[in-house]
Amino acid sequence: MQLHRSWLFISSLLVVPCFCTATVGLRISILRLSSIPAVRVEMEAYSHLSIGLLLFSVMLCGHLSQGLQRFSELNNSLILEYVAQNGTKAGEGTISVTWKLDTAAVSAADAAAADYKNVHVKLCFGAISQVDRAWRKTNDLLSKDKTCPYEMGAQPFTPEGGSITWTVTKEIPFAFYFIRAYVTNTAKEKIAYGQTSNKQRTTNLFTIEPITGRHASLDIAAAVFSAFSVISLFGFYLGEKRFIKKG
Amino acid sequence: MAKRSSNNLDTAVLRESRSPDVKFMKSPEAAGDQGMELPDQASGYAHRTSYSVASSENTVSIPNLQFKQFEQEQSELEDDSESEAPFSLPVDSENKAKKIKFFSAAKPHMRAFHLSWFSFFACFMSSFAAAPLLPVIRDNIDLTKQDIGNAGTASVAGSVLSRLIMGALCDIVGPRYACAFLVMLTAPAVFSMASVSTAAGFLVSRFCIGFSLATFVTCQYWMSSMFSAEIVGTVNGCTAGWANLGGGAALFIMPLIYHLFQHPLACDSFVAWRLAMFVPGMVQVASGLMVLYLGQDLPDGNFRELKEKGKQVKDSWSKVIFYAITNSKTWVFALAYGYSFGIELTIDNIISQYFYDRFSLPLHTSGVVASVFGLMNIISRPFGGFLSDWSAQRLGMRGRLWTLWISQTIGGLFCFLLGRLDQLGPVIVVMVFFSIFAEAAAGATFGIIPFISRRSLGVISGTIGAGGTFGAILTQLIFFTSPAYSTETGISLMGIMIVCCTVPIMGIYFPQWGGMLWPPSKSRNATEEKYYLSEWSKEEQEKGMHLASLKFAENTRGERGRRITPSTTNACAVTYA
């Protein structure tokens, strides 16, 4: 596949300079030209650079295994219902979701034949909260899609359906949300979905109230450290002035 | 050795040539010496130590002081040859070190070296500490892309003003206090990050932290006061380069600290990042305290003590600033530095998003690749300074100017190429080469700056440093804010602008050393002394305020390159090889 070939090419492009710098560094160490510290610093930097390049190429190779599935290819075969208050508090509030198979779209037999294995329920950003925030962008390629970052729960698939209740965790930011459930097969690929909002992700949104992350103890600690910094500076300055006048 | 009296009869300075070995503790050829060896300049020109007397307001007392000083020095020297020398590094007539030993912390030179680069490193880390934690911060405070971009610009904008002020402050209270004041007074801004809850608060906090980037000026000023002309380029390049690592180090270290608070210590993510911000703040305070306790302004002592003893010249603010502003070289180098260092800051801000958007790398990978650009500083900036010093030995100041122009222009060409490529592998390779040349150019610039002026060194360093960050702001505003340009077009246009803004360097001309395209003037008035004394008026010279400049002028004789013949130190009789 084209994508994989280009990644191989790129990784090899990185491994080659990496080995070059490593061998140059080794040669220099063998020749022992290290009377000039600048050269020695460069030698160490060569080895750091080559290690960095190696790690980077390894990381790139890891991305060889990205899928090429698209959201538009999935079947909308689940019906979702949810209960969530506007302004549900992170850390305390709960959201309950009930899902079941939409037999009008896909019959139970077809679902079994298509290998509907698990259902993953996710919390997703509404379109309003994606404006000016490229890190939440919707992309048709599922591997690059960032619409639904938070997993609420996973259950095995049954045609009768199921439900989950999820306590909102503390890393959820303030935003307008909807809920989407993906159906995955045995190979863990997404094959179907259902969501509580419309296709443009503009209807039926609810908000979550996040934690601030601020604590009184943090504020006090910040104030104490700041005061220490300023006072010790002026203390030293005035102290030295007096010391010199005396001396 | 021959005695020589100065041409200028007003100075009443006694000079005496002596053998170079008196003040050394170890000879350069000692086994296991880890110091950096430059080809010995002793054969290039006679090594002289001179005694001069700084002014006191009372001109009548000068002759008395002069003799006292002379006698003092005489007995000191007799002691020297029997017991320990005062400095552990070889020094020139101003007690500035002529060699550098990286693994020593000896007073005062190497100690100042390590204190200054570390305090600047701490400030760089604080300024860019928020950047790798942005994915968490933008969720906590609900930031938009504009908020993040504005905060990024603000983080470098604060330093424009503070660098200008810092130059003047260094000249007045000395680099030690200037550094300590800056570092300790911006630490509260770092701690305040733990309490921000709105986009506006985040922006103000980053703006105030950005003030601390003016430690650059104190660093360069301190190094120019501690190390002599032959080695100042390398030293300035090393300190600035290793300090610029702070930007790259922040991208590595801050996520590690954040994860430490998050997992073993089981804090919520929105709390963990706030705790993580305490670490750079505490490092900053610690470095400030170390500078106060362990540092020393000049090899001879601290500014205040020297002022009290009457050894340090009191100068007037307005004159210092006047001579800095009217010197055209200041502005040419401010522009050029804006397009070497300023470009580095711009790239630090935009390159991570460039890899994320154009090549679809995940966020942490983009961060790692982006940090490579900043981490190249460990070798490239010191290398630029070293190259500047190396070319100065052969070609003098002309060599330094050519080195700067060549490396910055090649950097600009690589930048142009960076925007044109669309394959990830070649882009990374080109980025690495671009970083090497751009950062080497920044290092080479500060090989030249100590020679522009002696009187206004602090203000000039500050102005040029401010020009650096101003270039960053300007470039970001022109090329990376408007929706008219895509990022890659912006990068290519930036490359063209780098080449154009480097052209004015061709116009730099020192009468005694020449310029890029013109050789030095053959007139009898083209001497180092005349150049540095032109900043002092007749009245000031009568008061003896210019004596430090005179000493400095002698030590810059090496900027003539290899043209100097050994025996003649009289400027009028210089013969050209």
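Worth saying up front: this structure is predicted, and the values here are computed from it rather than measured.

A. How the structure looks around unusual backbone geometry. Although it is not a glycine, A:Lys188 adopts a positive phi angle of roughly 65°. By the secondary structure assignment, A:Lys188 is in the loop between β8 (176–184) and β9 (190–195). Within the chain, B:Ala266 stands out as a residue other than glycine whose phi angle is a positive 50°. With respect to the helices, strands and loops of the structure, B:Ala266 is situated in the loop between α8 (232–262) and α9 (269–276).

B. Summary view of the confidence of the model for chain A. Residue and element names in this part refer to chain A. Per-residue confidence for chain A averages 80 on the pLDDT scale, and 72% of its residues sit at or above 70. Low confidence marks residues 1–7, where pLDDT is under 50. Its contacts with residues over four positions away, or in another chain, come to nine contacts. Scored below 50 in pLDDT, residues 61–66 makes nine contacts in the model with residues more than four places away or belonging to other chains.

C. Highlighting the side chain of A:Thr207. Assignment of secondary structure puts A:Thr207 in strand β10 (residues 206–209). Not counting chain neighbours up to four residues away, the residues in contact with A:Thr207 comprise A:Gln85, A:Asn86, A:Gly87, A:Thr88, A:Phe174, A:Ala175 and A:Phe176.

D. Just the packing of helix α14 (residues 341–358) of chain B against helix α16 (residues 377–420) of chain B, in detail. Residues and elements named next belong to chain B. Between α14 and α16, the least distance of the axes is 12 Å, while the angle of their chain directions is 30°. Our classification of the angle between α14 and α16 gives roughly parallel. Crossing of α14 against α16: the hand is left-handed. In contact with Phe 341, Glu 344, Tyr 354 and Arg 358 of α14, α16 contributes Asn 377, Arg 381, Leu 418 and Gly 419. Here the contact of α14 with α16 is built from residues that sort into three nonpolar, two polar and three charged.

E. Quick look at the state of the cysteines. Residue and element names in this part refer to chain B. This structure, assessed with the given rule, holds one disulfide over all chains. Distance from the sulfur of Cys 208, which forms no disulfide, to the nearest cysteine sulfur (Cys 123) is 14 Å. Residue classification places Cys 208 among the partly exposed positions, given a relative accessible area of 28%.

F. Just the environment of A:Leu205, in detail. Residue and element names in this part refer to chain A. Relative to the helices and strands, Leu 205 resides in the loop between β9 and β10. The buried category is assigned to Leu 205, whose relative accessible area is 17%. For the pair Leu 205 and Gln 155, spaced 50 residues apart in sequence, the C-alpha to C-alpha distance is 24 Å. Beyond its immediate sequence surroundings of up to four residues, Leu 205 is in contact with Asn 86, Gly 126, Ile 128, Phe 176, Tyr 177, Phe 178 and Ser 197.

G. Layout of the pattern of salt bridges. Overall, the coordinates contain 14 salt bridges over all chains when judged by the stated rule. A salt bridge links B:Asp139 to A:Arg136, with the nearest nitrogen and oxygen atoms 3.2 Å apart. Taken as a pair, B:Asp139 in helix α3 (residues 134–140) and A:Arg136 in the loop between β5 (118–125) and β6 (150–156) lie in two separate chains rather than in one. Like B:Asp139, the residue A:Arg136 is buried in the burial classification. Residue B:Asp268 pairs with A:Lys170 through a salt bridge whose shortest N-O separation is 3.7 Å. Here the residue B:Asp268 occupies a position in the loop between α8 and α9, and A:Lys170 occupies one in the loop between β7 (162–167) and β8, the pair thus bridging two chains. Through salt bridges with shared partners, a single ionic network connects B:Glu528, B:Glu529, B:Arg557 and B:Arg560.

Each value, and the rule that gives it
- Residues numbered from 1 in each chain as written.
- Chains lettered and ligands numbered in written order.
- Predicted model: local features only at pLDDT ≥ 70, side-chain atom pairs only at ≥ 80, totals over all residues.
- Heavy atoms only, no water.
- Helix = DSSP H or I, 4+ residues; strand = E, 2+ residues; numbered from the N terminus.
- pLDDT = per-residue confidence, 0-100.
- Contact = heavy atoms within 4.5 Å.
- Axes fitted to C-alpha atoms, helices over the stretch in contact; angles between N-to-C directions.
- Parallel < 35°, antiparallel > 145°, perpendicular 65-115°, else oblique.
- Left-handed = near helix turned anticlockwise from the far one by under 90°.
- Nonpolar A, V, L, I, M, F, W, Y, C, P; charged D, E, K, R; others polar.
- Disulfide = S-S within 2.5 Å.
- Buried < 20%, exposed > 50% of the residue type's maximum accessible area, 1.4 Å probe, protein only.
- Salt bridge = Lys/Arg side-chain N within 4 Å of Asp/Glu carboxyl O.

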